[in-house]
Amino acid sequence: MDRKIGLKIRILANELNRKAAEILKEDDGEASSSIQMRILNFIHRRNSQQVPVYQKDIEQEFDIRRSTATGVLQTMEKRLFIERSSCKEDNRFKTIILTELGKQKVKENIVKLHKFDELLVQGIPEEELVIFFKLMDKLSENSKKINKEGERIT
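Participant: Report on the overall build of the chain, specifying residues and quantitative values.
Facilitator: Counting secondary structure elements, the chain contains six helices and two strands. Start at the N end of the chain and walk to the C end: the helices and strands fall as α-α-α-α-β-β-α-α. Each principal axis of the C-alpha distribution contributes one length, and for the chain these read about 55 × 40 × 30 Å. Counting every position in the chain, which comprises 154 residues, the buried fraction comes to 26%.

Here it is as structure tokens:
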């Protein structure tokens, strides 16, 4: 069997991102990317726990590059979902907080994405989902053990 795991995962990720963007499309036709929504949810969770959020936290949580995080956050700021303010302890750092519009968007999209997740796993037994998540974790672990030459790091 010809197995191209990375390609299959990439294709599925693209399909899911497109479908999530379609579901989260605004009434004015402007789409909120799924990464924007996941970041809004992350900020919401941290803000509600009184934990400050910095760009570095988002880069680490979502395993994205600094340039990607910067672009997404700038878009979210322009759309008035978030605000950045200087940290009292260190002016080099900007804390990220949700605006009222951002909080409302989180509430709306949690409902939409929860339904999407339910429909996505419909007809798949719980035992298979447990195996799926274990396999995803193992693939992730293995991926981190491969160097840039394509060899396994021991």
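Participant: Describe the nonpolar core, naming the residues involved and giving the relevant values.
Facilitator: Ranked by internal contacts, the top residues of the largest apolar core, which has 23 residues, are Ile 39, Leu 40, Ile 43, Ile 58, Met 76 and Ile 82. For this core, the elements supplying multiple residues, two or more each, are helix 2 (34–48), helix 3 (55–62), helix 4 (66–78), strand 2 (94–98) and helix 5 (100–120). Sorting elements by how many residues they give to this core places helix 2 first, with six residues. Sequence-distant contacts of Ile 82, defined by excluding residues within four places in its chain, comprise Leu 40, Ile 43, Leu 73, Met 76, Glu 77, Ile 96, Ile 97, Leu 98 and Thr 99.

Participant: Describe the pattern of salt bridges, with residues and values.
Facilitator: Inspection of the entire model under this criterion finds six salt bridges. Notably, a salt bridge pairs Glu 59 with Lys 56, separated by 3.8 Å at the nearest N-O pair. A residue pair is termed a helical-turn pair when its members lie 3 or 4 positions apart in one helix, as Glu 59 and Lys 56 do in helix 3 at three residues. On the basis of relative accessibility, which here comes to 10%, the residue Glu 59 falls in the buried class. A salt bridge links Lys 105 to Glu 108, with the nearest nitrogen and oxygen atoms 3.2 Å apart. Of the two residues, Lys 105 and Glu 108 are both situated in helix 5; the distance of three residues between them amounts to about one turn of the helix. Judged by its relative accessible area of 7%, Lys 105 falls in the buried class. A relative accessible area of 33% places Glu 108 in the partly exposed class.

Participant: Describe helix 3, listing the residues and the values that go with them.
Facilitator: Of the positions making up helix 3, those classed as buried are Gln 55, Asp 57, Ile 58, Glu 59 and Phe 62. Elements that come into contact with the buried residues of helix 3 comprise helix 2, helix 4, strand 1 (82–86) and strand 2. Asp 63 lies just past helix 3 and shows a positive phi near 50 degrees.

Participant: Provide a residue-level description of unusual backbone geometry, including the pertinent values.
Facilitator: In this structure, Asp 63 takes a positive phi of about 50 degrees despite not being glycine. Position of Asp 63 relative to the elements: it lies in the loop between helix 3 and helix 4. Look at Asp 63 and you get exposed, because its relative accessible area is 69%.

Each value, and the rule that gives it
Residues numbered from 1 in each chain as written. Predicted model: local features only at pLDDT ≥ 70, side-chain atom pairs only at ≥ 80, totals over all residues. Heavy atoms only, no water. Helix = DSSP H or I, 4+ residues; strand = E, 2+ residues; numbered from the N terminus. Buried < 20%, exposed > 50% of the residue type's maximum accessible area, 1.4 Å probe, protein only. Core = buried A, V, L, I, M, F, W, Y, C linked by side-chain atoms within 4.5 Å. Contact = heavy atoms within 4.5 Å. Salt bridge = Lys/Arg side-chain N within 4 Å of Asp/Glu carboxyl O.

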